Structures are given as C-alpha cells and as structure tokens.
Amino acid sequence: MMRCHFTLECDKRSPMKHGTACSDANEDKRTLELGGHVGFDSLPDQLVSKSVTRGFSFNILCVGETGIGKSTLMNTLFNTRFENEEASHYEKDVLLRPHTYELQESNVNLKLTIVHTIGFGDQINNEESYKPIVDYIDTQYETYLEEELKIKRSLSNFHDTRIHICLYFIAPNGHSLKSLDLLTMKKLDSKVNVIPVIAKADTVSRSELDKLKIKIMSELVRNGVQIYQFPTEDEAVAEINSSMNTHLPFAVVGSVEDVKVGNKIVKARLYPWGSVQVENENHCDFVKLREMLLRVNMDDLREQTHTRHYELYRRCKLEEMGFKDTDPNSQSFSLQETYKGKRKEFLQELQHQEETMRQTFVNKVKETEAELKEKEKELHERFEQLKRLHQEEKKNLEEKRRELEEEMNAFNRRKVAAETLMGQALQCASQPFKKDKDKKNFFSLPSACSLTSSRNLN
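The structure displayed is predicted, hence computed values, not measured ones.

About the cut-offs
As a convention, each chain's residues are numbered from 1 in the sequence order in which they are written. Totals for whole chains, interfaces and linings use every residue, but because this is a predicted model, local features are given only for residues with pLDDT of at least 70 and side-chain atom pairs only at 80 or more, for both listing and counting. Side-chain measures were taken over the full set of non-hydrogen atoms in the model, leaving aside hydrogen atoms and water. Buriedness for pockets is judged along seven lines, at least five of which must meet protein on both sides within 12 Å for an open set on the 1 Å grid over protein atoms alone, while cavities are sets there where a 1.4 Å probe fits but cannot get out, and lining residues have an atom within 4 Å of a point. Grid points are joined across faces, edges and corners, and a volume is the space filled by probe spheres set on the points. To qualify as a helix, a DSSP run of H or I must reach at least 4 residues; to qualify as a strand, a run of E must reach at least 2; elements of each kind are numbered from the N terminus. Each residue gets one of three labels, nonpolar for Ala, Val, Leu, Ile, Met, Phe, Trp, Tyr, Cys and Pro, charged for Asp, Glu, Lys and Arg, and polar for the others, Gly among them. Residue types Ala, Val, Leu, Ile, Met, Phe, Trp, Tyr and Cys, when buried and joined through side-chain atoms within 4.5 Å, form a set referred to as a nonpolar core. For every residue, the accessible area (1.4 Å probe, protein chains only) is compared with the maximum for its type, and the residue is labelled buried under 20%, exposed over 50%, or partly exposed between those bounds. Residues adjacent in sequence count toward polar contacts only when both atoms are side-chain atoms; beyond that, a polar contact is any pair of N or O atoms within 3.5 Å, and within protein one must be able to donate a hydrogen and the other to accept it.

Bringing empty space enclosed by the protein into the picture now. All told, the structure shown has two cavities of 30 Å³ or more when counted by the stated rule. If you go around the largest cavity, the residues you meet are Ser-71, Met-74, Asn-75, Phe-82, Glu-83, Asn-84, Tyr-101, Ile-114 and His-116. Looking at the lining of the largest cavity, the elements that each hand over two or more residues are α3 (70-77) and β5 (108-118). Looking at which element gives the most residues to the lining of the largest cavity, the answer is α3, with three residues. Partitioning the lining of the largest cavity into residue classes produces four nonpolar, four polar and one charged. One number sums up the size of the second largest cavity: a volume of about 30 Å³. Forming the walls of the second largest cavity are Gly-64, Glu-65, Phe-120, Tyr-168, Phe-169, Leu-180 and Asp-181. When contributions to the lining of the second largest cavity are tallied by element, the ones reaching two or more residues are β6 (165-170) and α5 (179-188).

Moving on, we get to the nonpolar core. Core analysis: the largest hydrophobic core is formed by 75 residues, its most contacted members being Ile-60, Leu-61, Met-74, Leu-167, Ile-195, Leu-220 and Phe-250. Considering each element in turn, this core owes the most residues, seven residues, to helix α4 (residues 131-148).

This paragraph deals with the side chain of Glu-147. For Glu-147, the location among the structural elements is in helix α4. Within the structure, Glu-147 has its side chain in polar contact with the side chain of Lys-150 (distance 3.1 Å).

Written as structure tokens, this is what we have:
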C-alpha cells in the first residue's frame, strides 16, 4: 500500500503573527500520512475486488473415447471427486452431458462446468460424430448472443456457458492420429480453444512418447489444424508459455488415489513394478497442464473465447441477419432502417413463398385432376372391356344351353325310341307263352262252363 507523507513548513517570506518565530514553527511541525491510494492507480485494485466479489466461470469440454480417462483427469486436476455417471459403450449417438460445480479457493469463487462427450468414437460409422459437439458449442454462443440482444439484459448475472477450452484426449494405442481425431479437431479449432492431450501416458515408454508427440504435431500442422498456443505477448509469462508450447501435446496421467512413496503421500497409480506419480514431471506432464490451464492462462482462455471465437460466431450471425458495418464511403448505419429493410425482405420472401406454394398447389391439383381423368378413362375402358367379355360369356352360355337342350331332346327321343323298342321286344318274347296259355285255357273251358251252369241252377 502506497503511503504519502506531507510536511507543513513555515514560509520565510510570510509575516510573523502574534510574535511566533519561524524556529518555533519548525519545532512544532507535524506529519500527515495517507492510508491508501491518492489517484487512479487504485483502479486495478477496484477491478480485482469487483471481480472477486462477482466470481468467475470456467467451462471445459472433454472430448475423447469412452473409458479414456476424462473424468479421472478432471478429478485430479481440481483435486476433488466430481459426481459422474459411468458412460456406456452402446450409445446410438454422441451425447453431451454438462455438469456445473461451485468451487472455492481462498476467497475466490469459481463456477466450473465440465462437459463430457458420451459415446464419442463408439459408433460403427463415426463420420458425423463431431456434429453434436459443434452444435452444442454453437448453442452456447447463441444463448449468449440472445442475452446480448435483449432489451433488458443482465450479463453481469448471466451464467456464461460458452466453452473456454476443449481438452481433446488422444488414445496412446497408435503411431499417429486417427482420421476421427483429425476431422474433429479441424471442425473445432475455429469454434473453441483446443488443447490436445495424450491420455494414459503411462502405457507408453518415454522414447515412444516423444516420437508420438512429434508425429502428432507434424500431422496437425500438415492438416491445417490450429490448436491453442499459449500467449507470449506478456513479458511476465512469455518465457514459461514459450517453453510449454514446445511440450504440446501434453502426456498426462490421472489418479485420485493416495499412495505412500517414501515418506510422502502423493497422487499416483500403483503397479506391481512400482508407481506412476501424477505430480512428478519425470513421469508425466500433468503439472505442466495444470500450470498452463489454471494458474497462468485461464484468463487468456476466457478472453480468447470472447474476443476471437465468439466474435467470429457473432459476426457471421449478424451478417446472416442483414446487419453490416459502415465504412467512410458508405452511408451511416441505421438499426431502424436495417430492421425495416430486413422486415420488407422477409415479407417479400414470405409472399414469394406463398405464391410458390399456391402455384405448387394449383399444379398439384391439375396433376391430380389429370391423373383422376386418366384413371377414369382407364376404368371406363376396363368397364367396356368387361362388359364385352360379359356379353360374350353370356352368348357362349346361351349357345351351350341350347346345345344342352338339344342334347336333352335328342336323349329323350332316343330314350322313348329305346323304350318303344324294348316294349316291342318284350311283347314279341311273351307271344309263345301266351299261345301255350291260350291252349290250356281252351281245353279246360267246358268244365268251367258246366261249373258255371250248375251254379246258376242252384
């Protein structure tokens, strides 16, 4: 704290009053001390005090395959155990799951949001796995822009959910980047600050890890992927940031287990052959990542998100809405005129779409009428054809009926003739028998007559 000293001295040119000597004034002089700043150099302290009172927000997006260690690294990074559901390997699509936490360190409050990608890299076809991530980032920018454009806005109390940093986790099980990694980082580098990290670095030897880092950086440069570079403009952090840029991508190991190594309790991963200490820079780059991410460059990450990525999104969005900046050779910019012009353009477009829809409807009606007439014609032709077939079938049936009747008449005639012939045949066959019978009756006739006469006499 700056302290100013003021001394009241006697002016030799001033007249003496009440017989007081100048020597006496020097003996009675007094010193005034100020307990604070005098001028505008207190502004930084005011800003710090206001910022600390308001608190800070920091949003981290973790992109990587399921089970690669995203949650473990976050727990290790902030030295706590965040509640997080275990992700499944059987998600149909990529899902983004944000979690917000209230953290406090000393008198500084931090609203931390961690966004995990669920199911990333688990699908058979990963060609469009980056789209849900890009859509989520754009949605957060859209939410902030909507708050900015409100008539009554309160950005000071607004929960800023814009992503400040994307930690892209690279699996150490290959000799280079996968196509999915290159495609996703290429789509994200213009939307968010991307820092690649090699997860589970304890599964790779030191020499192989160095080669993998060189290979990854060369592929990123060759494919035009712009990852976040730690700023070197500020002299206070230029040296350390310049040094850390050479260590990208960071090879990290996460663990929340306390392991006793010697006489110290450290965060480490314990193996049968020994332990991998998380905060040992000879074992991994976790300390470098924590220093760069939280202690040195957190404010720059927030500033880059606002001044670079969000401004790019905002500019493109406003240009789509019809807004444009003015230049010395153009007319002055008027929000009302722009609104009227945009509204007129919208109404014209709406009218054009209405006319197009009406014309399309009329064409559809005409096409439908033509199709109905064609169908009616086809049905009429089909009806006439069936009618002709019916008449032909009816005529054929009549012919067959007549033929059957003629056959029945012929059959009946043949039957009658047959019966006649059969009767004649039976008659002819019965004539000899009749003759014999007649003969018997002839010889027995007198006795019969006498018998009849006797009966009459009696």
